[in-house]
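Summary of structural features
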Amino acid sequence: QVQLVESGGGLVQAGGSLRLSCAPSGRTFSVYVMGWFRQAPGKEREFVAAISRTGSGLYYADSVKGRFTISRDNARNTVALQMNSLKPEDTAVYYCAARSVSSTLARTTREYDAWGQGTQVTVSS
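All values derive from a computational prediction rather than experimental measurement.

With that out of the way, let us pick up the sheet that holds strand β8 (residues 78–83). A sheet is described by the order of its strands in space; here 4 strands give the open sequence β1-β3-β8-β7, paired in antiparallel fashion. Taken across any chain shown, the strands that pair with only one partner, and hence form the sheet edges, are β1 (2–7) and β7 (68–73). Each strand of the sheet is rotated relative to its neighbour by a mean of 20°, with strand direction disregarded. Bridge analysis of strand β3 (residues 18–26) against β8 gives 5 bridges, and the strand direction is antiparallel. The partner of Cys22 across the bridge, within β8, is Val79.

Right, dumping it as structure tokens:
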């Protein structure tokens, strides 16, 4: 089993920045892909970004492309999501996710097999 813990959420004004971190533990050697998802009140959980094990493969939702950057530090065993130029519509609970069944970058929730507890991001206008 892989356990995931997110940190770094908070309240920021529109146009500001936040950096989220995710610390996997447990059977991390089995993880191929790490991803970030978000869920706003009354909406389904949606894909934000994903990164391959080596970091060479990146995948972003169109809504965050050019503003958000996903990265991983395998030596420190962490995954980060740098969020710049934040908008009120980015307000959501952000979840870190791990995919162990395949190395293919994925964007649906059913393709990830481990999830963190989530961290709140609120962007004020």
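Following the structure, the description resumes.
Moving on to the pairing of strand β9 (residues 92–99). A regular strand places its side chains on the two faces of the sheet in alternate fashion. The element β9 is largely enclosed, with a buried count of 7 among its 8 residues. Relative to β9, strand β4 (residues 33–39) runs antiparallel, the two sharing 7 bridges. By the bridge assignment for β9, Gly35 is matched with Ala97. Direction of pairing for β9 relative to strand β11 (residues 119–124): antiparallel, over a ladder of 3 bridges. In the sheet register, Val93 faces β11, and the bridge partner there is Gln120. As paired strands, β9 and strand β10 (residues 114–115) are joined by 2 bridges and run antiparallel to one another. Along β10, the bridge assignment pairs Ala97 with Trp115.

Rules of the game
- Residues numbered from 1 in each chain as written.
- Predicted model: local features only at pLDDT ≥ 70, side-chain atom pairs only at ≥ 80, totals over all residues.
- Heavy atoms only, no water.
- Pairing = 2+ DSSP bridges.
- Helix = DSSP H or I, 4+ residues; strand = E, 2+ residues; numbered from the N terminus.
- Axes fitted to C-alpha atoms, helices over the stretch in contact; angles between N-to-C directions.
- Buried < 20%, exposed > 50% of the residue type's maximum accessible area, 1.4 Å probe, protein only.

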